[in-house]
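What follows is each chain in one-letter form.
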Amino acid sequence: MRVWLTTSSPLYPNLYVFIVGHPGVGKNRIIRVAKRYMAELHEFPFAPTSLTGASLVDALAASKRFIPRLPDLPLEYNTLTITAEELTAFMHKYDDEMIGLLSAFYDPDPYAQNRRGKDLKIKIDHPQMNILSGTTPSNLIALMPEVAWDQGFTSRVILIYSDERTIGDDFAQKTRGLNESLAHDIKQIGNLVGEFHVTEEYRSAVNNWRALGEPPQINHPKLSHYKTRRRVHLYKLSMVSAADRGNVLLLTKDDFNRAMGWLIEAEQAMPEIFQSGGNNAESKAIDEIHHYIHIHDKGDGVPQTKIVNFARERVPMHMVTRVIEVMLATGTIVTNGKGLDRNGQPWFKAVMN
């Protein structure tokens, strides 16, 4: 809240970011390194990893910041940053109270709470939260019920997905410390105070983008409400870009282009999260059956009897026939082309991509 951009009201560059990927892609390393750089800032307020709604409010109330700005009035606000390497370590299950608090603390509107059974009143005039957390696609889909994607919290989150794995030499000599130049820049950014302004070129770039319908469009049904906050994300990322470039609180066309590039790169990969994390029991059973047929095929395929016996251990008996029909319809398996065997059973072969 040390810096802001005024639109219809002050907008601050705090972010909710989930790094999403399968195990082994390096999510934890990214968050640990980011946290080490954040820790270079004086009295940077980290939230505890595991929280309830009540403990989140308590931690935020205890994290008050006072920034003198003579001759202007001082800045007073409460802020926390959640850096949970695994989202489910921070939020064990979907909790309406916690989700409501996180949504409220995205914007620094006054917050008040009276604790029942206690003579305790909590009032926070300017609360603000940042989140950098990691999760797998399957954990994210399991944690967030279908209704969550129609609510405000998920529209506030930027999902960064990658399944890329870097192959390198584990034993090569590497620099383990912080990059001194980057640590210096982080401290300089941490000292910025004041309002961002925009150039006419930045303003024109935004208005032209809006006039064109804010392309490229996102059409995934789970992201329909996220679309309503794309412009807010763009402005926040533009402030990040400007702070990264230097100490002048001015958004230029270069910041627009850079922020837009970041946003589009993230958005293009978002639908893959739901595809890779949404495998249900039937889908997983199909993968196992396909693998079974492939490794047991000695040339003529695998008889249906063996496939059924294998499949019934993985899905309910009434679904076995449906699973085989789905595999045939999708081209995952085909008959061996030799007709039925002497027992009247077809043989199937796995189709390998």
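Quick note: structure is the one above.
For every chain, the first residue of the written sequence is number 1, and numbering continues from 1 along that sequence. This being a predicted model, a pLDDT of at least 70 is required before a residue's local features are given, and a value of 80 or more before pairs of side-chain atoms are given or counted; all residues contribute to the totals for chains, interfaces and linings. Side-chain metrics in this entry use all non-hydrogen atoms of the structure; hydrogen atoms and water are not considered.

K.L.:
Help me understand the nonpolar core in this model?
P.N.:
The tendency in soluble globular proteins is for nonpolar side chains to be buried as a group. Nonpolar cores were defined as sets of buried Ala, Val, Leu, Ile, Met, Phe, Trp, Tyr and Cys residues, with membership established by side-chain atoms within 4.5 Å. Note on exposure labels: buried denotes an accessible area under 20% of the residue type's maximum, exposed denotes more than 50%, and partly exposed covers the range between, all computed with a 1.4 Å probe on protein chains only. In this structure, Phe-18, Leu-102, Met-129, Met-144 and Leu-159 are the most contacted members of the largest nonpolar core, which totals 72 residues. Of all hydrophobic cores here, the second largest spans 17 residues; its members include Ile-293, Val-302, Val-315 and Ile-333.

K.L.:
Any chance you could explain the packing of helix H12 (residues 304-311) against helix H13 (residues 317-329) here in plain terms?
P.N.:
To describe two helices that pack against each other, one gives the angle between their axes and the distance between the axes. Helix axes are fitted only over the stretch in contact, all axes being lines through C-alpha atoms; the angle between N-to-C directions runs from 0 to 180 degrees. Helix numbering and strand numbering both begin at the N terminus, where a helix is a DSSP run of H or I of at least 4 residues and a strand a DSSP run of E of at least 2. Contact pair H12 / H13: the axes reach a minimum separation of 9 Å and the direction vectors enclose 130°. With respect to H13, the axis of H12 lies oblique. The crossing of H12 and H13 is right-handed. Residues Ile-307, Val-308 and Ala-311 of H12 form the contact with H13, whose own contacting residues are Met-317, Val-320 and Ile-324. For the contact of H12 with H13, the residue count by class is six nonpolar, no polar and no charged. Between 65 and 115 degrees an angle is taken as roughly perpendicular, under 35 as roughly parallel, over 145 as roughly antiparallel, and anywhere else as oblique. The hand of a helix crossing depends on one turn: near helix anticlockwise from the far one by less than a right angle means left-handed, and clockwise means right-handed. Residues count as neighbours in contact if any of their non-hydrogen atoms are within 4.5 Å of one another. For this classification, the nonpolar set comprises Ala, Val, Leu, Ile, Met, Phe, Trp, Tyr, Cys and Pro, the charged set comprises Asp, Glu, Lys and Arg, and every other residue, Gly included, is treated as polar.

K.L.:
Please explain the pattern of salt bridges as it appears in this structure.
P.N.:
Side-chain pairs of opposite charge can arise where the charged atoms are in close proximity. Note on definitions: salt bridges are taken to be side-chain nitrogens of Lys or Arg within 4 Å of carboxyl oxygens of Asp or Glu. Enumeration according to the criterion identifies 14 salt bridges in this entry. Notably, a salt bridge pairs Glu-214 with Arg-231, separated by 3.2 Å at the nearest N-O pair. In this pair, Glu-214 sits in the loop between helix H8 (200-211) and helix H9 (230-245) while Arg-231 sits in helix H9, placing the two residues 17 residues apart along the sequence. Between Lys-349 and Asp-297 there is a salt bridge whose closest N-O contact spans 2.7 Å. In this pair, Lys-349 is assigned in strand S14 (residues 347-350) and Asp-297 in the loop between helix H11 (281-296) and strand S12 (302-303), connecting sequence segments 52 residues apart. By relative accessible area, Lys-349 is classed as partly exposed at 25%. Through salt bridges with shared partners, a single network forms among Glu-288, Glu-313 and Arg-314.

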